[in-house]
Structure formats: C-alpha cells, structure tokens
Amino acid sequence: MSTAPAPGPREPKPSQPQQRPTRKPGSKPPALIFDDPLDRQSSDDTDQGWGERAPAGGGAADLARFLDEKPPHHV
C-alpha cells in the first residue's frame, strides 16, 4: 500500500531563457588546470586542517587539553 499521491497531469514550468554569467569587460575566463591534484598537499593533510591545536609543550598543557576535550559523560 502506498501513500504517494496519485499520478496526474502536471502544470508545465514556465520556460525562461538561460542567462550566461557575466564577466567584466576585458577579463579572461578562468583557466583550466590539468595537473594532478593529489600532488599538492590539502588542508586535510595537516593537523591544523582537522582542527588540531599546535603542540603547546609540557605535561600541564597535555593535562589541560585532556580535561578540556573530555566528553561530559566522562567527567
């Protein structure tokens, strides 16, 4: 048993001409780059890209980070 509405005639959508994006006079279109994107380092390849903090150094800083990032059900 289906709860979908019964098929029926649909109203046609009004057709509007497609407009091309406008550029500033004298500007060139963006160039295509055909190099391998995996050769470059992305922001996800770094600890900062994943939201990690820079190492602060010291046992007190590690403890503060541990307590700061501990889930509430572990307090």
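This one's a predicted model, so the numbers in the text were calculated from it and none came from an experiment.

Novice: Explain the overall build of the protein to me, please; I cannot follow it from the model alone.
Specialist: Of the regular secondary structure elements, the protein holds one helix and zero strands. Taking all 75 residues of the protein together, the buried fraction comes to 0%.

Novice: I would appreciate a short explanation of the pattern of salt bridges in the present structure.
Specialist: A side chain of one charge can pair with a side chain of the opposite charge when the charged atoms of the two come close. Following the criterion strictly, the structure yields two salt bridges and no others. Note that Asp35 is salt-bridged to Arg40, the shortest N-O span being 3.6 Å. Glu69 is the salt-bridge partner of Arg65, the closest N and O atoms lying 3.2 Å from each other. One end of the pair, Arg65, and the other, Glu69, are both in helix 1 (residues 59–69), four residues apart, so they sit about a helical turn from each other.

Novice: Mind showing me how you'd approach a nonpolar patch on the surface here?
Specialist: A cluster of nonpolar side chains, namely Leu63, Phe66 and Leu67, defines an oily patch on the protein surface of about 320 Å² accessible area. Along the polypeptide, Leu67 turns up in helix 1.

Rules behind the numbers
Each chain carries its own residue numbering, running from 1 in the written order of its sequence. This being a predicted model, a pLDDT of at least 70 is required before a residue's local features are given, and a value of 80 or more before pairs of side-chain atoms are given or counted; all residues contribute to the totals for chains, interfaces and linings. Only hydrogens and water are set aside when side-chain values are computed; all heavy atoms of the structure are taken into account. Working definition: helices are DSSP H or I runs of at least four residues, strands are E runs of at least two. Numbering for both runs from the N terminus. Relative accessible area decides the class of each residue, using a 1.4 Å probe on protein chains only: under 20% of the type maximum gives buried, over 50% gives exposed, and in between gives partly exposed. Any carboxyl oxygen of Asp or Glu that lies within 4 Å of a side-chain nitrogen of Lys or Arg is treated as forming a salt bridge with it. Patches here are clusters of residues that have more than 30% relative accessible area and form no salt bridge, with a 9 Å joining cutoff for like charges and a 5 Å cutoff for nonpolar side chains (Val, Leu, Ile, Met, Phe, Trp, Tyr). Shrake-Rupley sampling with a 1.4 Å probe provides the accessible areas, and residues are treated as covered by the protein chains on show and by no other component.

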